[in-house]
Amino acid sequence: MNEKDMPKADFITSLVLLGFSLSVVVMSINMPRLENREVNPLSVPGIVPGFLGVVIGIFALIMLVRAIRQRGYSLEINAEKTRAFFIKDSILRAIGTIALTLVYAWGLVGRLPYLLSTFLFVFAFIGIFEYQKNDPPKRKKKKLVIAAVMAILVSAIVTAVFRYLFLVSLP
Amino acid sequence: MHGLVMFFDGLMEYMNFWSIFHVLWATQLGILVGMLPGLTATMGIALMTTLTFKMPASQAVLILICMYVGAIYGGSRSAILLNIPGTPANAATAMDGHPLARSGFAGSAIGIGTTGSFFGSIIGLLFLAIFTPLIGNLALNFQSFEFFALAIFGVVISGNLTAPKDPLKGWISGFLGLFVAMIGMEGIHAYVRFSFNSVNLSGGIDLIPAMVGVFGFSEIISVMKNQKLEVINTEINRVFPKPKDVIKHWKTIIRSGVIGTFVGAIPGVGEDIASWVSYDFAKNSSKEPEKYGKGSYEGLISAETANNAAVGGTIIPVLALAIPGSAPAAVLLAAMFIHNVRPGPLIMMESPEFVYQTVAMVFMATIGMYVLGMSMVKGLVKVLLVPREKLMPIVFVLCVIGAYAIHSRIFEIGVMVVFGLIGFIMKEMDYPVAPLVLGIILGDILDKNLRRALVITDGDLTPLVTRPISLIIVLLTVFTLVSKMPLFRRMMRQAKETVFGAFKKSG
């Protein structure tokens, strides 16, 4: 993120943190005091989270004031800027990485056999990120074959090592 | 003297085939992990913890320490050849290492860097051997107030030093970490906090999956987001440095070693800050400061000595206080707990031999690092050519299985992913992640000790400032916080001007 946009980011973060700290404080106050167990009121479970909530709230307030002074409140979000942001190459690569990894970690692992899900993930990751529109068909095919070979090797080796060497029951 | 005997006893224990074999492969793997941008020491140790948790403690910790020493050193290789520090600890190395490589001195830069790392590591382990027992004995006097003050001081100083541009973000990161530790069952009345009726959350957030996320997954996203790396085409000639080229830097080596160890020992600060501080000191006291940033061997050796000295430094508080000096050391601490080694103030009473065994482990790792670092230089450069598109999916597969392996729970994969995303967003917005991790470790200490202290004194907080050690920690914390405030800085400037102005007038 560039320096110019930082006050805007800080403005939004400070509001999120303020909301977070407020909810932590409220939840801490509402935690049971365990009177029925005759617990010392100074050792109740909510005391430390409440303290942390207050401290985070103070920091968030300082950040909010600072961001307002630096005019972070003028977010100037419009359709054109949003579009320009999302078609940046680096942002697309980051979003692609997050999407692929989330599908693997939350969607595939545990639902499909580990070997298969890992094969699919590695193959898709290498296949997608090494894809070049301008490559001749032969090269495209070669890249896919390499991706498949790597995916087979990685999934087989990791599965074998964890299952037979480290005796982990795989998901 | 007794310590020296225990050190040799520890060393003798590792003089067998399997230990030496472990030292060699783990250090080499560490060097590789360190070399590859996107694979950091923290991530390497976290993943290695999951691979070694079924081994006996003495071997597993040896492997982790070798990985640690190897990775911090290995990062210098990519800093010199790619201008991209392999781990954050090698950022200062790139300042002079890369210009040297560009001018055709890649071989000698690697040689000098390796030698600096070796001496740094030796200085670090000497301090580790001397200071751990001293601090451990001092910490025996610590009671609830001291531990509470220390926990707050830890996140504040870590926040301060890891985010020098904007310490507020460092402190927020640290306190968020302390909050994360509040999730799950608390240690005094066994009440489950912030679990929202989830059975998984009631057990709390485990450190290893969180760290694999923050230092592994988030790094994968960053590496994929950034531009492709270009390896410079350079001939690597003579690597082994001439003795006189090393001896002439003896002052820099000793200074950087001491600075590195000291900064390393400060909770949650770490090797990266150690090498920058040392680099700055070296530049300020150099006869040729103009060469810095353009290819100064002195600058290179100051950075590389300090980051490896910091490794020994970071282990001092791990052993003596059970508080990590850096993020990789935090994983090391968590791994020790997994292996039923209980570091902390009682270690010098319960198992002093473990302290010296650790010193012996660092020694073995240092020797391994120097031998491996000086050999196979040309072959290893090829590793840097592996494209990120092929490497990163493999790393992510290891992150997933690493997070899962220790407790065999799918939930831990979710923790890893969530913390990875949080880590990525934090890094994008200039929040340091090291204080977050330190906070997760210190949260439990803070929680138990603050409540215990309040009960003991019936809610009276004055012992915080009447007990001497506690008072010192409180004053340091207040100073750390206040020194960064603009008002304080203005006042200091005014005070300085008034005093100097008066002198000028009278002069």
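Conventions adopted
- Residues numbered from 1 in each chain as written.
- Chains lettered and ligands numbered in written order.
- Predicted model: local features only at pLDDT ≥ 70, side-chain atom pairs only at ≥ 80, totals over all residues.
- Helix = DSSP H or I, 4+ residues; strand = E, 2+ residues; numbered from the N terminus.
- Rg over C-alpha atoms; globule rule 2.2 N^0.38 Å.
- Buried ≥ 20, exposed ≤ 12 C-beta atoms within 10 Å, placed from the backbone.
- Contact = placed C-beta atoms within 7 Å.
- Nonpolar A, V, L, I, M, F, W, Y, C, P; charged D, E, K, R; others polar.
- Axes fitted to C-alpha atoms, helices over the stretch in contact; angles between N-to-C directions.
- Parallel < 35°, antiparallel > 145°, perpendicular 65-115°, else oblique.
- Left-handed = near helix turned anticlockwise from the far one by under 90°.
- pLDDT = per-residue confidence, 0-100.

## Let's talk about the overall build of chain A
When its secondary structure is counted, chain A shows six helices and zero strands. On C-alpha atoms alone, chain A measures out to a radius of gyration of 25 Å, which is more than a quarter above the 16 Å that the 2.2 N^0.38 rule sets for 171 residues. Seen through its C-alpha atoms, chain A measures out along the principal axes to roughly 70 × 50 × 20 Å. Burial analysis of chain A (171 residues in total) assigns 25% to the buried set. Once local pairs closer than 6 in sequence are excluded, the contacts in chain A between residues at least 24 apart make up 68%.

## Points about unusual backbone geometry
Residue and element names in this part refer to chain B. Non-glycine residue Asn-340 carries a positive phi angle of around 65°. Topologically, Asn-340 is positioned in the loop between helix 15 (327-338) and helix 16 (347-350). Assessed through the 7 C-beta atoms surrounding it within 10 Å, Asn-340 is described here as exposed. Notably, Asp-430 is not glycine yet its phi reads approximately 65°, a positive angle.

## Points about the interface of chain B and chain A
In this complex, chain B contributes 47 residues to the contact, which on the side of chain A involves 50 residues. Residue assignment for the side of chain B that touches chain A shows that the elements contributing at least two residues are helix 8 (167-180), helix 10 (207-225), helix 19 (388-405), helix 20 (410-428) and helix 21 (434-456) of chain B. Its residues assigned to classes, the side of chain B that touches chain A comprises 32 nonpolar, five polar and 10 charged.

## Re the packing of helix 7 (residues 144-162) of chain B against helix 23 (residues 468-482) of chain B
Residues and elements named next belong to chain B. Where helix 7 meets helix 23, the closest approach of the two axes is 9 Å, and the angle between their N-to-C directions is 25°. The angle between the axes of helix 7 and helix 23 places the two elements in the roughly parallel class. Like other packed secondary-structure pairs, helix 7 and helix 23 cross with a definite hand, here left-handed. Side by side, helix 7 and helix 23 meet where Phe-145, Glu-146, Ala-149, Leu-150, Ile-152, Phe-153, Val-156, Ile-157 and Asn-160 of the first sit next to Ile-469, Ser-470, Ile-473, Val-474, Leu-476, Thr-477, Thr-480 and Leu-481 of the second. In the contact of helix 7 with helix 23, the residues fall into 12 nonpolar, four polar and one charged.

## Some words on the packing of helix 13 (residues 271-284) of chain B against helix 14 (residues 297-321) of chain B
Each pair of packed helices can be described by the angle between their axes along with the distance between the axes. Residue and element names in this part refer to chain B. Helix 14 packs onto helix 13 with a crossing angle of 145° between their chain directions and a minimal axis gap of 8 Å. When you trace helix 13 past helix 14, the crossing you get is right-handed. On helix 14, the residues touching Glu-271, Ala-274, Ser-275, Ser-278, Tyr-279, Ala-282 and Lys-283 of helix 13 are Glu-298, Gly-299, Ser-302, Ala-303, Thr-305, Ala-306, Asn-307, Ala-310 and Val-311.

## Considerations on the confidence of the model for chain A
In this model, chain A carries an average pLDDT of 90, and 100% of its residues clear a pLDDT of 70 or more. The least confident element of chain A is helix 3 (residues 79-86) of chain A, whose mean pLDDT is 80; the most confident is helix 5 (residues 114-129) of chain A, at 96.

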